[in-house]
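# Secondary and tertiary structure notes
As a plain string of letters, each chain reads:
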Amino acid sequence: MAKCIFQAAFSMSKRFASKKRLRASSGRRIGKNGIDFLVSFAPIVHSTKPPHTLICGTMPSINSFRHNQYFATHNNAFWHIVGDALGHRRKAPEGGWRTKSGTLTRVPSFIEDNLLYKEGPFLTYEEQLSALMEAGYALWDVLQSCEREGSTGLIVRSGT
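Okay, so let's go over this structure. (Residues numbered from 1 in each chain as written. Predicted model: local features only at pLDDT ≥ 70, side-chain atom pairs only at ≥ 80, totals over all residues. Heavy atoms only, no water.)

### As for helix 4 (residues 78-86)
- All of the buried residues along helix 4 are Phe-78, Trp-79, His-80, Val-82, Gly-83 and Asp-84.
- Positive phi shows up at Gly-87, right after helix 4, with a value of about 90°. (Buried < 20%, exposed > 50% of the residue type's maximum accessible area, 1.4 Å probe, protein only. Helix = DSSP H or I, 4+ residues; strand = E, 2+ residues; numbered from the N terminus.)

### Quick word on helix 6 (residues 125-134)
- Taken together, the buried positions of helix 6 are occupied by Tyr-125, Gln-128, Leu-129, Leu-132 and Met-133. For helix 6, the arc enclosing every buried residue in end-on projection is 130°, short of the 170-degree limit, so these residues lie on one face.
- Its buried side turned inward, helix 6 meets strand 3 (53-57), helix 4, strand 4 (89-90), strand 7 (122-123) and strand 8 (137-141).
- At the exit of helix 6 stands Gly-136, carrying a positive phi of roughly 95°. (Arc of directions from axis to C-beta. Contact = heavy atoms within 4.5 Å.)

### Some thoughts on the nonpolar core
- Ranked by size, the top nonpolar core spans 21 residues in total, and within it Leu-38, Ile-44, Met-59, Tyr-70, Trp-79, Leu-129 and Leu-139 carry the most contacts.
- Looking at this core, the elements with two or more residues in it are helix 3 (62-67), helix 4, helix 6 and strand 8.
- Sorting elements by how many residues they give to this core places helix 6 first, with four residues. (Core = buried A, V, L, I, M, F, W, Y, C linked by side-chain atoms within 4.5 Å.)

Written out as structure tokens, the structure is:
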């Protein structure tokens, strides 16, 4: 079963390779009563090296759509945990971490205080994707599209 899932992700990556990842303008449509219609990103998988593990998310947050990156929010521990597992740190984006209102902020202490690689090396998002794929991991969402209330996957109305 797991092998079939990996093969599906690997095949899908080839289909999506020529397509541009969706941004908030095309990946998100605000509907009635604060319900958004969302279409997920393409899978993240090495183009020639089949993965040994598929990491599944639900659907990118609004912030992830805005930045066109999986797990883009500074207080989401995903990339910090991946960095600890693979021996690097998540580099802050150009201009630093910002809240929804645009105020400069930092990684929460509950994450920062528990990281192993406090001195780096610090990797950009693209470098983190490469390190993840080179280590044999793929990343994809379990939903291709959905209607969701709010930024997180807490209230998914319907999905495919």
